[in-house]
Each structure stands twice: as structure tokens, then as C-alpha cells.
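Reading the structure
Residues per chain are reported as follows:
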Amino acid sequence: MGYFLFRRTLGFVLTLFAVSVVVFAVMNVLPGDPALTILGLDATEDALAALREQLGLNDPLLTRYVHWVWNALHGDFGISHSFGIPVAGLIGERLPMTISLAVSGMIFTVILALVMGIGAAANHRKPGDWGMMFISQLGIAIPAFWLSMLLVLLFAVKLRWLPPGGFAGWDDPVAAMRSLILPTVALALVQSSVLARVTRSSALEVMRQDFVRTARATGFSRRRILWRHVLPNALVPIVTIVGMQFAALVTGTIVIENVFYLPGLGRLIFQSISNRDLPTVQALVMLFAAIVVTANFIVDLLYVVIDPRLKARA
Amino acid sequence: MKTRLPVNFLIGAVLVALVLGAAALSLVWTPHDFAQMNIKAKFGPASSTYWLGTDQLGRDVVSQLMAAARNSMTVALAAVLIGGSIGTALGLLASAIGGWVEDLVMRIADIGFAFPALLFAIMLAAVFGPSLTNAVLAISFINIPVFARVARASANQVWTREYVAAAQAAGLNRAVISWDHILPNIGAAIIVQATIEFAVAILAEAALSYLGLGAQPPAPSWGRMLSEAQTLMYLAPQLAIYPGLCIVAAVLGFGLLGDGLRDITDPRLSRER
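Residues numbered from 1 in each chain as written. Chains lettered and ligands numbered in written order. Predicted model: local features only at pLDDT ≥ 70, side-chain atom pairs only at ≥ 80, totals over all residues. Heavy atoms only, no water.

A word on empty space enclosed by the protein
All names here are of chain B.
- If you walk through the whole model with that rule in mind, you get three cavities of 30 Å³ or more.
- Its boundaries defined by the atoms lining it, the largest cavity holds a volume of some 90 Å³.
- For the largest cavity, the full set of lining residues is Asp 55, Gln 56, Val 61, Gln 64, Met 225, Glu 228, Ala 229, Leu 239, Tyr 242 and Pro 243.
- Considering every element that reaches the lining of the largest cavity, the biggest residue donor is helix α8 (residues 222–230), with three residues.
- Residue composition of the lining of the largest cavity, by class: six nonpolar, two polar and two charged.
- There is about 60 Å³ of room inside the second largest cavity.
- Lining the second largest cavity are Phe 34, Ala 35, Arg 59, Gln 64, Pro 218, Pro 220, Arg 224, Met 225 and Glu 228. (1 Å grid on protein atoms, 1.4 Å probe; cavity = no way out; pocket = protein on both sides within 12 Å on 5 of 7 lines; lining within 4 Å. Points joined across faces, edges and corners; volume = space filled by probe spheres on them. Helix = DSSP H or I, 4+ residues; strand = E, 2+ residues; numbered from the N terminus. Nonpolar A, V, L, I, M, F, W, Y, C, P; charged D, E, K, R; others polar.)

Take a look at the structure:
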């Protein structure tokens, strides 16, 4: 077990390291002058030289990489050019929005997927099952941004029940929740389609096993068997996909925030691209990639918690 | 043995034929010039002249959708070809050499999984400015680890076969065996994966173009048509419908076709599903 933890943690740290090298390389080593990118073609030579100095572009690459990582580990991501304040401050300001969206999206995804997946498995080869499979196939093919637009068309433009976008902050919790409903649904409907299919096939697998037949013979109710016996044993593949989906969900927030004009990290990335604010883009890409890697790492550890049988093998 | 084709394969094939047909037809004919503006006819309803009406600049919607189909197919094809060949080559290499090379290739593939296409496209757009080429590169890049994994896993199975042992005994080197014996035998798995990744690439291109990181104006693209339609949702909600339906048809088509092909080529998997 100790060896397992050690290996996984080492792998996690190495992956993070490799990811940071890739991000740094793409943003700094590829041909192109960051100072020119930031200031534009009509910048004077003096201004360019000053900015290169300020960004540390005259230092050797390795020094710059080490500085970047060292400072980032201490919560310093440099200064944003377009906002003129530390990138870390900007991230701190926008992070709660993105986290609220990702967490509400994840919760809704899991609930929807488990209900749909278990429901379909319980109705195997019946209309309920086919209906779920059809809806989830469609859900996988629908781009989240288009689904968002359809939701806005229906619930904001036609019915006028919910706001079409924007976020006024948590001062008015009811208004804040209302503005989160459509983005959450758009995010979750697409994600839960994949998860529901995995839940269904995993549950079907478990339902064929002897202990389920025994439980049935004992006279337990269908509902009890499904939720108390089948679901816990079907969890390993489900958790794997949940971990991968959390990663997809977090990057999904980048798209959804731009559809609904929500002031989170996803909007910040796009503002930074159009403002040619490279330090901010670099920090945010690293942050998102780190979230993806961390989510996968946590999933690896969770396996052992969920399925103690794996502990012996690990 | 029944030779009936799976339903998902048939539905997928029909949808794919429709989308590819529209894309191919747009090379020689569209009802109107897709870029032709006609301000007097803007926001026109569906009519015998403009089958699905016109947009905010009076351009014909059907012609734009057809030209965008061509665009979307080209991007997906390029991305899957580039990412697929590099990834497959890496997977074959890993499987042929084994040992630390295999470990290294697979660890690099793992790192590739940490970068969704969107993040990669964002980096490229920040450094070089947004363009369709960058979108293709980003989507190709995320395909590399996917194909590397599939190719390696299937190749490892083929390496254990007797005819491969025979080829080795005959003194053929590993590169020749990989090309002559392994590749043809993992072809089915690669083609199935390519079909599914084609669907993923269409979805990715649409999202990148919607966000302004893909096709730049005036190049027609379903994703960009949607982002333009979003600002006009109160005026002309219909413009927000058609491009989305095209994306869904294309993605659903290639997805179902891929699933169907897998059911046909690997019946064992389909029973488990």
C-alpha cells in the first residue's frame, strides 16, 4: 500500500512537471517574440527592449523556466499586462465563479447519470432503456455551447423564466442561483450522457452476479437491491469516468462561461488572449492542466478506497 | 451466421453520407454564393429562392451550411490523419521495442491527455493569433495519445501470434514486421478509432470556431455561424438552430458509424456492451 501511494504520488509530480515544461515551451520557445505579441507591431524599439527586460526575456530559457515554476509554487504568477495587477489576484477573484459552476455541474451530472443509468439497467431491453440510450447518444453529439443557446432561447427568450447570461455576484443569493441554473444544466446534460452509459453497463454487469440473485431470492425489494447492492459494486468504472469527466467539466466551464458571460477563469482566458496578455494565459493554462492531472490522480487513489480488493493487488 | 448490419452502423452511414455528400456537392455547386451579401433580403424567411432563409447580411443559409460542412470535414480529416499517423507510429514503435521505450512513449501519451484540445488551442492562439491551422494542430495533437494507446494495445496482442514469431525466426527485423504484419492486423482497430475521433474532431472544431479560435471570417463554419447567431437570438432565433443541427447530425453520424464498425469487426466487444 505504501509503495502504491509512493508510485502514484511520484507519477503525479512527474506528470505535473512535464505539463509545466510543455506549457512553458509552447508559450516561450516557439518562434515569436512575446514582447512583440504583447505590444503589437507598431511598438517602438525602446518599449520592446524595456518589456523584454521586465519579462526577463533576456535571461536564458532555463533560468526563466525555473523562475516561473519557483514563483508559481509560491503563488506568484507574474503581473497581468492588461489589468496591471498580479495574475494571482485575478485568479483569486475569478476562481469562486468557476468552482461554483464546476461543482454544481458535477453534482447535477452525477445525480442525473446515476438515476438514468440505474433506471436503464433496471429496465434492460425495455422502452425505458432504449429511451435512455437514445437520449444519451444525442447528448454526446450535442455541443455544450449549442445546447446552452437552445436553453437560452427557450427559458430566457421565449418563456423569460431565467436570465440569458451574466452574473451579479453572491450579494443576492437567489439571483446568483438563478443565473447558475442554465449554465449548470448545459454543462451537466452533456456530461451525464457519457456517465449514464457507463453506469448502465457497469450495473448490468453486476446484476448478472450470484450475490444479486441471492439478494433477490432473499426477497429484498427491487429498489433496495439496485441502490444498496448493485450500485456500490458498480462504482469502480463509474468513478474512473467521473474523474475524467471532472476534467472535461472544468475545461467545459471555459466554453460555458463564454456563452453565458460569467466572470470566471474561462472568460478571463479569452479576455487575456484578445489582450495578448501572455503571463495570464500561461498561468491559466497551467492551472487548468494541473486541475486535470490532479483529478486523475485523485481517481487513482479513490479506486483503493472504493474497492478494497485492489488494495491487496496494489 | 446472420449477416445483418447493426442498426447503429446503418443510421450512422446514412448521416455520414448526407454530410459528406453536402460537403462534396458544395465543391461544385451551392444554391447561391455562400459569401454573397444581399442586405435587402436580410433575415429573409425560408422561400423557394432561399430554402432556409438568409442571415443578418442577406447571405443564403443553405449555401453557408454546405460550405461549412466542407470546412468541417477538411479540418476533421486533417486532424485525424495527422494525429492518427503520428500516434499509430508511436504505438507501433512502443510495442515493437518494448522496455523503457514503451514506458516512455506511454508516459508521454499520459501527459498528452492532460491537455484538452481547447487548452492547446488557447496556447497556440495566444502566441500566434487564432487561425484554422492552429485549430487543426491542436486537434491533431490531442489525437496522438489516443491513437498511440490503441495502436500499442492492439499491436501487443498481434506480437504474440505465431505468424509473427515465424517472421522473427525468418530473420525479419522489427520495423519490417511492424509494417508488413502488425499494421495490417491492427488496421480495423485503428479505423474504428479514427471514425470515432472524426466525430470528436468535428465537435472540437465547432467549439473552437464558436469561441473564435478556429475558422476566421469569411470562411464559413458551423461554429462561427452559431456565435454570430447568438448575438441575434432575439431577432432571428432560427439562425441559431440549423448550424447546430448540422453539427449534431455529423457528430452523431460518425459516432454511430464508429460504434457500428466496432460491432462488426469485434463482435466480442459488442456482446459485452
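Some words on the interface of chain B and chain A
- Each partner contributes residues to the interface: chain B has 37 residues there, and chain A has 40 residues.
- Buried surface at the junction of chain B and chain A, summed over both partners, amounts to about 3,600 Å²; 82% is from carbon and sulfur atoms.
- Our count for the chain B to chain A interface comes out at zero salt bridges.
- Linking chain B with chain A are two residue pairs in polar contact (both at pLDDT 80 or more), by the criterion used here.
- Elements represented by at least two residues in the side of chain B that touches chain A include exactly α3 (99–113), α4 (117–128), α7 (174–210), α8 and α9 (242–265) of chain B.
- Its residues assigned to classes, the side of chain B that touches chain A comprises 34 nonpolar, two polar and one charged. (Contact = heavy atoms within 4.5 Å. Buried area = accessible area lost by both parts, 1.4 Å probe. Salt bridge = Lys/Arg side-chain N within 4 Å of Asp/Glu carboxyl O. Polar contact = N/O pair within 3.5 Å; in protein donor to acceptor, adjacent residues only side chain to side chain.)

Comments concerning the layout of surface pockets
All names here are of chain A.
- Looking at the second largest pocket, its volume works out to about 510 Å³.
- Together, 22 residues line the second largest pocket, and Leu 55, Trp 68, Phe 77, Gly 78 and Pro 279 are the ones closest to its centre.
- Broken down by secondary-structure element, the contributors of at least two residues to the lining of the second largest pocket are α1 (2–28), α2 (34–39), α3 (45–55), α4 (61–73) and α13 (278–306).
- Per-class residue counts for the lining of the second largest pocket are twelve nonpolar, seven polar and three charged.
- Viewed by domain, the lining of the second largest pocket spans two of them, domain 1 (2–73) and domain 2 (91–313), each represented by three or more residues. (Domains from an automatic or database assignment.)

Re unusual backbone geometry
- Residue Pro 218 of chain B is reached from Pro 217 of chain B by a cis peptide bond, and omega for that bond is 5°.
- Following the sequence through the fold, Pro 218 of chain B ends up in the loop between α7 and α8.
- Although it is not a glycine, Arg 125 of chain A sits at a positive phi angle of roughly 60°.
- Tracing the backbone through its elements, the reader meets Arg 125 of chain A in the loop between α5 (87–122) and α6 (127–141).

Remarks on the domain arrangement of chain A
Residues and elements named next belong to chain A.
- Once the domains are mapped, chain A shows domain 1 (2–73) and domain 2 (91–313).
- On a C-alpha basis, the centroid separation for the pair domain 1 and domain 2 is 32 Å.
- Tallying the contact residues gives 20 residues for domain 1 and 15 residues for domain 2.
- Where domain 1 abuts domain 2, roughly 1,500 Å² becomes buried across the two surfaces, and 80% of that area is made up of carbon and sulfur atoms.
- If you sort the residues of domain 1 by the area they bury against domain 2, Arg 8, Phe 12 and Met 27 come out on top, with a joint share of 33%.
- Our enumeration of links across domain 1 and domain 2 arrives at one residue pair in polar contact (both at pLDDT 80 or more).
- The set of elements that each furnish at least two residues to the side of domain 1 that touches domain 2 consists of α1 and α2.
- With 13 residues, the top contributor of residues to the side of domain 1 that touches domain 2 is α1.
- Residues that form the side of domain 1 that touches domain 2 fall into these classes: 13 nonpolar, six polar and one charged.

Thoughts on the packing of helix α7 (residues 144–158) of chain A against helix α8 (residues 173–207) of chain A
Residues and elements named next belong to chain A.
- With their axes 9 Å apart at the nearest point, α7 and α8 run at an angle of 135° to one another. Relative to α8, the element α7 is oriented oblique. Where α7 crosses over α8, the two elements pack in a sense that is right-handed. Residues Ala 144, Leu 147, Ser 148, Leu 151, Val 152 and Phe 155 of α7 form the contact with α8, whose participating residues are Leu 182, Val 185, Ala 186, Leu 189 and Val 190.
- Taken together, the residues that form the contact of α7 with α8 break down as ten nonpolar, one polar and no charged. (Axes fitted to C-alpha atoms, helices over the stretch in contact; angles between N-to-C directions. Parallel < 35°, antiparallel > 145°, perpendicular 65-115°, else oblique. Left-handed = near helix turned anticlockwise from the far one by under 90°.)

Focus on the environment of Leu 95 of chain A
- Locating Leu 95 of chain A in the fold gives a position in helix α5.
- A C-alpha to C-alpha distance of 23 Å links Leu 95 of chain A and Thr 15 of chain A, two positions 80 residues apart in sequence.

Focus on the side chain of Gln 64 of chain B
All names here are of chain B.
- With respect to the helices and strands, Gln 64 occurs in helix α2 (residues 61–97).
- When its relative accessible area of 6% is taken as the criterion, Gln 64 is described as buried.
- What Gln 64 contacts, discounting residues up to four positions off in sequence, is Phe 34, Asp 55, Arg 59, Pro 220 and Met 225. (Buried < 20%, exposed > 50% of the residue type's maximum accessible area, 1.4 Å probe, protein only.)

Notes on the pattern of salt bridges
- Counted according to the given criterion, the structure contains nine salt bridges over all chains.
- The salt bridge partner of Glu 205 of chain A is Arg 208 of chain A, with a shortest N-O separation of 3.6 Å.
- Take Glu 205 of chain A: its relative accessible area is 41%, and that puts it in the partly exposed class.
- Look at Arg 208 of chain A and you get exposed, because its relative accessible area is 59%.
- Residues Arg 149 of chain B and Asp 110 of chain B are paired through a salt bridge, measuring 2.5 Å at the closest nitrogen-oxygen approach. One end of the pair, Arg 149 of chain B, is in helix α5 (residues 132–159); the other, Asp 110 of chain B, is in helix α3, and 39 residues separate them in sequence.
- Classification of Arg 149 of chain B by relative accessible area gives partly exposed; the value is 38%.
- Through salt bridges with shared partners, a single network forms among Arg 59, Arg 224 and Glu 228 of chain B.

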